[in-house]
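Single-letter residue listing:
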Amino acid sequence: MSSSRRSRSRRAGSSLPSSSSRSSISEDQITELLSKLQALLPDQSQARNGAHRGSAARVLQETCSYIRSLHQEVDNLSETLAQLLASPDVTSDQAAVIRSLLM
């Protein structure tokens, strides 16, 4: 975090009561959480090895994009599954097996 951002956060936090500042998250904790989040993203092998560290904003943008792509994939798979279950080629036994796997 840059020094100007730190000073702004300190100024913003200085008006808060001391009890709420104890419950706030530290910069080290944020950095650790961002690293963990970045490690969960696909195609981040360089970041996992410490060769490249993205900014917090970039990690959050990539996370949002990845979550959107996962939602799209779930929607597509749900549609495919619905078509499969509605297909006359699927027997009731096969449909029952598919439904049991979904539960």
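Procedures and definitions
Residues numbered from 1 in each chain as written. Predicted model: local features only at pLDDT ≥ 70, side-chain atom pairs only at ≥ 80, totals over all residues. Heavy atoms only, no water. Helix = DSSP H or I, 4+ residues; strand = E, 2+ residues; numbered from the N terminus. Buried < 20%, exposed > 50% of the residue type's maximum accessible area, 1.4 Å probe, protein only. Contact = heavy atoms within 4.5 Å. Areas by Shrake-Rupley, 256 points an atom, 1.4 Å probe, with all protein chains shown as cover. Axes fitted to C-alpha atoms, helices over the stretch in contact; angles between N-to-C directions. Parallel < 35°, antiparallel > 145°, perpendicular 65-115°, else oblique. Left-handed = near helix turned anticlockwise from the far one by under 90°. Salt bridge = Lys/Arg side-chain N within 4 Å of Asp/Glu carboxyl O. pLDDT = per-residue confidence, 0-100.

Quick word on the overall build of the protein
When you go through the protein residue by residue, the secondary structure sums to six helices and zero strands. Every one of the 103 residues in the protein was classed for burial, and the buried ones make up 11%. Contacts in the protein between residues at least 24 apart in sequence constitute 20% of all its contacts with a sequence separation of at least 6. For the protein, the accessible area works out to roughly 8400 Å², and carbon and sulfur atoms hold 55% of it.

As for the packing of helix α5 (residues 56-86) against helix α6 (residues 92-102)
Two numbers describe how α5 lies on α6: the axes approach to 10 Å, and their chain directions differ by 150°. Relative to α6, α5 is oriented roughly antiparallel. As α5 runs across α6, the sense of the crossing is left-handed. Note on element contacts: α6 touches α5 through A95, I98, R99 and L102, opposite L81, L84 and L85.

Considering the pattern of salt bridges
Inspection of every chain in the model, using the stated rule, returns two salt bridges. With a shortest N-O distance of 3.2 Å, E32 and K36 are connected by a salt bridge. Placement of the pair is E32 and K36 together in helix α3 (residues 27-40), with a separation of four residues, close to one helical turn. For E32, a relative accessible area of 43% gives the class partly exposed. Between R58 and E62 there is a salt bridge, and its shortest N-O distance comes to 3.1 Å. With R58 and E62 both in helix α5, this residue pair falls four residues apart, about one helical turn. When its relative accessible area of 22% is taken as the criterion, E62 is described as partly exposed.

Focus on the confidence of the model for the protein
Mean pLDDT over the protein works out to 77, with 68% of the residues at or above the 70 mark. Low pLDDT, under 50, characterises residues 1-19; the stretch is placed with four contacts to residues that sit more than four places away or in other chains. This model gives residues 45-49 a pLDDT under 50, and the stretch forms seven contacts once residues within four places in sequence are excluded.

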